[in-house]
Amino acid sequence: MSLDLQSLVRTIPDYPKPGILFRDITTLIEHPEGFRESVERIAAAHRDMGFTHVAGIEARGFIFGAGVAIALGVGFIPVRKRGKLPGNTIGQNYALEYGVDTIEIHADVLNEGHKVLIVDDLIATGGTAIAAVSLIRRTGAVCENAAFVIDLPVLGGADKLRAENVAVSTLMAFDGH
Ligand code: AMP
């Protein structure tokens, strides 16, 4: 029996600011079957494709990405906000609505021999995911796939990723932003 995962995502209007419909995955992950099935569907779509790592984007990408890495039998890489990783890092800037942010990975974790699947909970404008792709590709690793639980297609992020030659897979889509 296939579960309606979308019905398990809660929508909270006006968070974190007026006009935003926040798609809250905490209600999905507190549901045992909902959580497991989300992870299994992402893993099933990426099995036997030669991945060596899953890269999860801080913070909600860690939740799903860790499960997908275990299901695929590969290592997990945390893509973190600036200043959180203890070793030598490489970073990539990306634009926010106001200002700039930076994501980082450890400098020695990836090389030409690796193939990485990016996982996050949601793709909106795609700014974060495109920065993660650029960062991973700078190491020489192959990064041609990204998976998200939720797509907000009106914001165009998935299309922007596809334009960067990244195949995008999502479990559900919501209209609007
Ligand atoms: P973006 O870089 O615009 O694709 O934003 C993606 C990141 O912002 C993801 O890590 C999401 O967790 C978060 N995000 C953006 N918009 C929403 C939303 N409407 N509801 C929940 N999370 C969001």
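Above this note sits the structure.
Criteria and thresholds
- Residues numbered from 1 in each chain as written.
- Predicted model: local features only at pLDDT ≥ 70, side-chain atom pairs only at ≥ 80, totals over all residues.
- Heavy atoms only, no water.
- Helix = DSSP H or I, 4+ residues; strand = E, 2+ residues; numbered from the N terminus.
- Rg over C-alpha atoms; globule rule 2.2 N^0.38 Å.
- Buried < 20%, exposed > 50% of the residue type's maximum accessible area, 1.4 Å probe, protein only.
- Contact = heavy atoms within 4.5 Å.
- Areas by Shrake-Rupley, 256 points an atom, 1.4 Å probe, with all protein chains shown as cover.
- Lys, Arg positive; Asp, Glu negative; His and termini not counted.
- Charge placed at Lys NZ, Arg CZ, Asp CG, Glu CD.
- Pairing = 2+ DSSP bridges.
- Right-handed = clockwise from strand over helix to strand, strands pointing away.
- Near = heavy atom within 4 Å.
- Polar contact = N/O pair within 3.5 Å; in protein donor to acceptor, adjacent residues only side chain to side chain.
- Salt bridge = Lys/Arg side-chain N within 4 Å of Asp/Glu carboxyl O.
- Expected span 1.5 Å × (residues − 1).
- Phe/Tyr/Trp six-rings, centres within 6.5 Å; stacked < 30°, edge-to-face > 60°.

Undergrad: Summarise the overall build of the protein chain; cite the residues concerned and give the values.
TA: When helices and strands are counted, the protein chain shows 5 helices and 9 strands. Walking the protein chain from its N terminus toward its C terminus, one meets helices and strands in the order β-β-α-α-β-α-β-β-β-β-α-β-α-β. Its C-alpha atoms give the protein chain a radius of gyration of 16 Å, near enough to 16 Å, the size a compact globule of 177 residues would have. Each principal axis of the C-alpha atoms in the protein chain carries an extent, and together these give about 40 × 40 × 30 Å. When the 177 residues of the protein chain are sorted by exposure, 44% land in the buried category. Look at the contacts in the protein chain between residues 6 or more apart in sequence, and 57% of them connect residues 24 or more apart. On the protein chain, roughly 8,800 Å² of surface is accessible, and the fraction owed to carbon and sulfur atoms is 52%. The average position of the 16 basic charges and that of the 21 acidic charges among the side chains of the protein chain differ by 3 Å.

Undergrad: Can you tell me about the pairing of strand E8 (residues 142–151), naming the residues and giving the values?
TA: For a regular strand, side-chain orientation follows a simple rule: the groups alternate between the two sheet faces. Within E8, 8 of the 10 residues are buried, which leaves it mostly tucked inside the rest of the structure. Examined bridge by bridge, strand E7 (residues 115–123) and E8 share 7 bridges and lie parallel to one another. In the strand pairing of E8, valine 119 is matched with alanine 147. Pairing of E8 with strand E9 (residues 167–173), which is carried by 6 bridges, proceeds in the parallel orientation. Its bridge partner lying in E9, asparagine 145 is registered against alanine 167. In terms of handedness, the path from E8 via helix H5 (residues 157–163) over to E9 forms a crossover that is right-handed.

Undergrad: If you had to explain the site of the ligand to someone new, which residues and values would you point to?
TA: Near the ligand, the surroundings consist of 14 residues, among which Arg60, Asp121, Thr125, Gly126 and Thr128 are the closest. The contact in question runs from a nitrogen atom of the ligand to an N or O atom on the backbone of arginine 23, over 2.9 Å. Measuring from an oxygen atom of the ligand, one finds a side-chain N or O atom of threonine 128 at 2.6 Å. Where the shell around the ligand is concerned, the elements lending two or more residues are strand E2 (21–24), E7 and helix H4 (127–138). Tallying contributions element by element places E7 first for the shell around the ligand, with 4 residues.

Undergrad: Please set out the pattern of salt bridges residue by residue, giving values where relevant.
TA: For the coordinates displayed, the defined rule picks out 6 salt bridges. Between glutamate 37 and arginine 41 there is a salt bridge, and its shortest N-O distance comes to 2.5 Å. Of the two residues, glutamate 37 and arginine 41 both sit in helix H2 (residues 32–44), 4 residues apart, roughly one turn of that helix. A relative accessible area of 28% means that arginine 41 is categorised as partly exposed. Between arginine 80 and glutamate 58 there is a salt bridge; the shortest N-O distance is 3.1 Å.

Undergrad: With reference to specific residues and values, describe H2.
TA: Its 13 residues give H2 an end-to-end C-alpha distance of 18 Å, which sits within 8% of 18 Å, the value for a rise of 1.5 Å per residue. Every buried residue of H2 is accounted for by Gly34, Glu37, Ser38, Val39, Ile42 and Ala43.

Undergrad: Please set out the packing of aromatic side chains residue by residue, giving values where relevant.
TA: Taken as a whole and judged by the stated rule, the model has 3 aromatic pairs. Ring geometry for tyrosine 15 and phenylalanine 22: centres 5.2 Å apart, planes at 90 degrees, overall edge-to-face. Overall, the relative accessible area of 47% leaves tyrosine 15 in the partly exposed class. With 6.0 Å between their ring centres and 90 degrees between their planes, phenylalanine 62 and phenylalanine 76 make a pair best called edge-to-face. Of this pair, phenylalanine 62 sits in helix H3 (residues 60–72) while phenylalanine 76 is found in strand E4 (residues 75–81), placing the two residues 14 residues apart along the sequence.

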